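Close look at the chain arrangement
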Amino acid sequence: MFTGEKKMKNSLNSIRAGLCLVIFWTMICTLGVANQVSLKWQLHQSKTPLNIETIYTINEWESVTVPKLLSVNPIHGIYGVYRYQFDFLSNKHDLNDKLSLYVESIRLADVTYLNGQEIGREGDLSENWNFYQDNPNNLPRNYAIPKGLLKPDGNDLIIFINFGFAQSKQSLFPGGTGIGGQVLVMPETSALFYFYKTMK
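First things first, this report covers the structure right here in the doc.

Cut-offs used in this document
Residues numbered from 1 in each chain as written. Predicted model: local features only at pLDDT ≥ 70, side-chain atom pairs only at ≥ 80, totals over all residues. Heavy atoms only, no water. Core = buried A, V, L, I, M, F, W, Y, C linked by side-chain atoms within 4.5 Å. Buried < 20%, exposed > 50% of the residue type's maximum accessible area, 1.4 Å probe, protein only. Helix = DSSP H or I, 4+ residues; strand = E, 2+ residues; numbered from the N terminus. Contact = heavy atoms within 4.5 Å. Pairing = 2+ DSSP bridges.

A few points about the nonpolar core
In this structure, Trp41, Tyr82, Ile179 and Val183 are the most contacted members of the largest nonpolar core, which totals 28 residues. Every element with two or more residues in this core is listed here: β2 (40-46), β4 (79-86), β5 (99-107), β9 (155-162) and β11 (183-187). Aside from chain neighbours lying at most four places away, what touches Val183 is Asn35, Gln36, Val37, Trp41, Val66, Leu101, Tyr102, Val103 and Leu157. With 11 residues, the next largest nonpolar core counts Ile52, Ile58, Tyr79 and Tyr113 among its residues.

Structural notes on the pairing of β5
Both faces of the sheet carry side chains from a regular strand, because those side chains alternate between them. For β5, the buried fraction is high: eight of the nine residues fall into the buried class. Two elements, β5 and β11, share five bridges in a ladder whose sense is antiparallel. For Val103, the partnering residue across the bridge sits in β11 and is Val183. Sheet topology places β5 next to strand β8 (residues 139-144); five bridges connect them, and they run antiparallel. Directly across from Tyr102, in β8, lies its bridge partner Asn142. Here β5 runs beside strand β10 (residues 178-179); their pairing, made up of two bridges, is antiparallel. Within the sheet, the bridge partner assigned to Arg107 lies in β10 and is Gly178.

Structural notes on unusual backbone geometry
Following Val66, the chain continues to Pro67 via a peptide bond in cis, the omega torsion being 5°. Positive phi, normally seen in glycine, also occurs at Leu108, with a value near 75°. If you trace the backbone, Leu108 turns up in the loop between β5 and β6 (110-114). The backbone of Asn115 shows a phi angle near 50°, a positive value even though the residue is not glycine. Residue classification places Asn115 among the partly exposed residues on the basis of a relative accessible area of 22%.

Have a look at this one:
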């Protein structure tokens, strides 16, 4: 009797697990495929603080791949900025939909702009920020895109980051820093789903 009950319990658990998997994939299909912001980005490193007003005067940019953690030396500057210009042409999503910018992970702090407007930030980009209290280590970002801000072409995405917490060789975060996950434009409900799933 005990063995039979145990087998039945195991069977029920297997059925539940299978149903959960089906529900999960159904949600993924229902939520829709996100638009990935392309892999090739521009990067600039600076010894002085950067802001959205001065970003357009920078002439020296390095081509980098996203997602990929950077092993730059903060002795050359703890302030960094990613830039990517892209078009948003999608058969799945409309510009009038409630959309979000979802970044799977960023190491250290960030301030993110889309088309000149700040859409979100985490942590502190100041030079004397507290490594343990203000460091959002490897966390996802979910920033709502205000209606009308995203354009069909010529979008300009700017993400300010820290390369370290002081200008010395010992200040490089182990394993690198920067954008360590995909950058996606997706429906707001999809972004919330992935965000809370990652944070569990």
